[in-house]
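# Per-entry structural report
Each chain, letter by letter, is given below.
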Amino acid sequence: MPPKSQTRRIDDLLGGMTEELLLGSPQQFEDNTIRVERLLLEMVRPDPVQPRRVLPEQLHFAFHGNRLTPTQALKELVQIVQVSARQRGRPFNNVLELLPNPDDENDEEQTVQLSPEEQLLHDLVNLAVTIRDDGQVNPLTVVDVSQGVTQQFRIETGERRYWATWLLRDFITGYGGDGMIPCIIIPAERSSVFRQAKENTARSGLSAIAMARQAALLLLTVHGRQIPSTAVSNDFYRQALELDLRGKREHTDVVLSAMGGIGKMHFSRHKALLKLSDEALELADRHNLDEKKLRYVLTLPQEYHSEIMRQIIDFNLTSKQVKELCEGDLQESEEDLLEKIPAPAVKIAKLAQSTASTLPADIARALLKQEGDPNLARARLQALRKLLSETEHYLTDDIKDS
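Note that this is a predicted model, so its numbers are computed, not measured.

Reading guide: rules and limits
- Residues numbered from 1 in each chain as written.
- Predicted model: local features only at pLDDT ≥ 70, side-chain atom pairs only at ≥ 80, totals over all residues.
- Heavy atoms only, no water.
- Phe/Tyr/Trp six-rings, centres within 6.5 Å; stacked < 30°, edge-to-face > 60°.
- Helix = DSSP H or I, 4+ residues; strand = E, 2+ residues; numbered from the N terminus.
- Buried < 20%, exposed > 50% of the residue type's maximum accessible area, 1.4 Å probe, protein only.
- Lys NZ or Arg CZ within 6 Å of the ring centre and 35° of its normal.
- pLDDT = per-residue confidence, 0-100.
- Contact = heavy atoms within 4.5 Å.
- Pairing = 2+ DSSP bridges.
- Axes fitted to C-alpha atoms, helices over the stretch in contact; angles between N-to-C directions.
- Parallel < 35°, antiparallel > 145°, perpendicular 65-115°, else oblique.
- Left-handed = near helix turned anticlockwise from the far one by under 90°.
- Nonpolar A, V, L, I, M, F, W, Y, C, P; charged D, E, K, R; others polar.
- Patch = residues over 30% accessible without salt bridge, like charges linked within 9 Å, V, L, I, M, F, W, Y side chains within 5 Å.
- Areas by Shrake-Rupley, 256 points an atom, 1.4 Å probe, with all protein chains shown as cover.
- Salt bridge = Lys/Arg side-chain N within 4 Å of Asp/Glu carboxyl O.

What follows deals with the packing of aromatic side chains. One pass over the structure, following the stated rule, counts four aromatic pairs. Here F63 and W163 contribute two aromatic rings whose centre-to-centre distance is 5.0 Å and whose plane-to-plane angle is 65 degrees, an arrangement assigned as edge-to-face. Note that F63 is positioned in helix α3 (residues 57-64) and W163 in helix α6 (residues 159-171), a separation of 100 residues in sequence. For the ring pair Y162 and W163, a centre distance of 5.1 Å and an interplane angle of 80 degrees mean the geometry is edge-to-face. There is no split in this pair, since Y162 and W163 are both buried. One aromatic cluster is present, formed by F63, Y162, W163 and W166 through successive ring pairs. Of note, R45 hangs over the ring of F63, and the distance from its end group to the ring centre comes to 4.1 Å.

Here's what the structure looks like:
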């Protein structure tokens, strides 16, 4: 039997549900098919098509492919984070060590750059501790997808709370719960991708790529496409690139509202991100890169997307710098540069701007045509490699001095 205080909180939340949550008529408040129950964690599963990814890509597909249990998925996540943290000189054995130590005055002063996986686990542990100390204040919203005597519920909103509860149960000592989680249960015929979208966009942390998936899911829904119940590849979402709202004007307002009230231009820009290559999509989602940076990458062929993405991440490029990198836009005119810098250096600098659109085979053919001998061509490349290596030292020194 759950504590009285927790039962009271659940009752208050149910009583406070709005028409917007149900997306139906006021009479639905009287409908006893909408209910709050405490469900066994094992009976609840995340939505595999949910635009917001909680687990890293490889774990997401392994879990939804039934190759990992929830506990195994979290164990692998913890191991990934342990490796990442150890490489950065922050080893830990217990997940609670990821949280600040309230007794250590120096802990608050230290600001460290966490990897995406470290940040994810840190946030889940923090949420798990909050649930442990204050109870599960917000129930999950789940859809009853039971078949026959097998009871099963698919999460519509609240996947982070789901994983935090598993983390609390299996990885944090002192857990005294009963392995159950409070859920608002929605009948299968009343599940709503629009309600899910509103929940996603109302909460912080939704990446530009998740917004792209969300836009795709809404478009596919209003165009009557079947939404699968299993994990899908990026190609499923890319179907939306052929669709738009022009033929579905009666749905335009509700779609844009579900996307957080954005305009048609922003909606189109988010949807366009689905043109990125698979690896680029994963990197952009994992590192939460914003749309303003990503839009310029779309101007390049797909084979260059992941490399540009790594440069954005490694060098923390601004949107302006990404634009210059993708468009080859020098700040100064070539004439101005020639007055200050020797012409050969300017040519090499301009060449660096075209690396994303230049193929190695083309360079090799050009060198052979120019030198007429493979060995001489290789010697030219070796000299260029040495020159570029020394150039990088100058750039490194400039960064240290700035």
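Moving on: the confidence of the model for the protein. Overall, the prediction assigns the protein a mean pLDDT of 84, with 84% of residues at 70 or greater. This stretch, residues 4-31, has a pLDDT under 50; its non-local contacts, to residues over four places away or in other chains, come to 35 contacts. Contacts of residues 329-338 to residues separated by more than four positions or lying in other chains number 14 contacts, the stretch itself having pLDDT below 50.

What follows concerns the sheet that holds strand β2 (residues 44-45). Spatially, the five strands line up as an open sheet ordered β1-β5-β3-β4-β2, and their pairing is mixed. Only two strands of the sheet have a single neighbouring strand rather than two, namely β1 (35-40) and β2. Judged from the four bridges that link them, strand β3 (residues 140-144) and strand β4 (residues 153-157) form a sheet pairing that is antiparallel. Bridging from a neighbouring strand, D144 pairs with F153 of β4. Lying over the sheet, α6 contacts β2, β3, β4 and β5 (180-187), oriented at roughly 120 degrees with respect to β4. Together, β3, β4 and β5 form the strand contacts of helix α7 (residues 193-202), whose direction differs from that of β4 by roughly 50 degrees.

Here we take up the environment of V145. Looking at the secondary structure, you find V145 in the loop between β3 and β4. Separated by 46 residues in the primary sequence, V145 and S191 have C-alpha atoms spaced 9.9 Å apart. The contact partners of V145, leaving out residues within four places of it in the chain, are Q152, F153 and R154.

Below, the discussion takes up the packing of α7 against helix α8 (residues 208-222). The N-to-C vectors of α7 and α8 enclose an angle of 160 degrees; their axes lie 10 Å apart at closest approach. When the interaxial angle is binned, α7 and α8 end up roughly antiparallel. Both α7 and α8 take part in a crossing whose hand is left-handed. On α8, the residues that touch V193, F194, Q196, A197, N200 and T201 of α7 are M211, Q214, L217, L218, T221 and V222. Broken down by class, the residue content of the contact of α7 with α8 amounts to seven nonpolar, five polar and no charged.

A contiguous nonpolar surface patch, about 230 Å² in accessible area, is contributed by I348, L387 and L388. By the secondary structure assignment, L388 is in helix α19 (residues 374-401).

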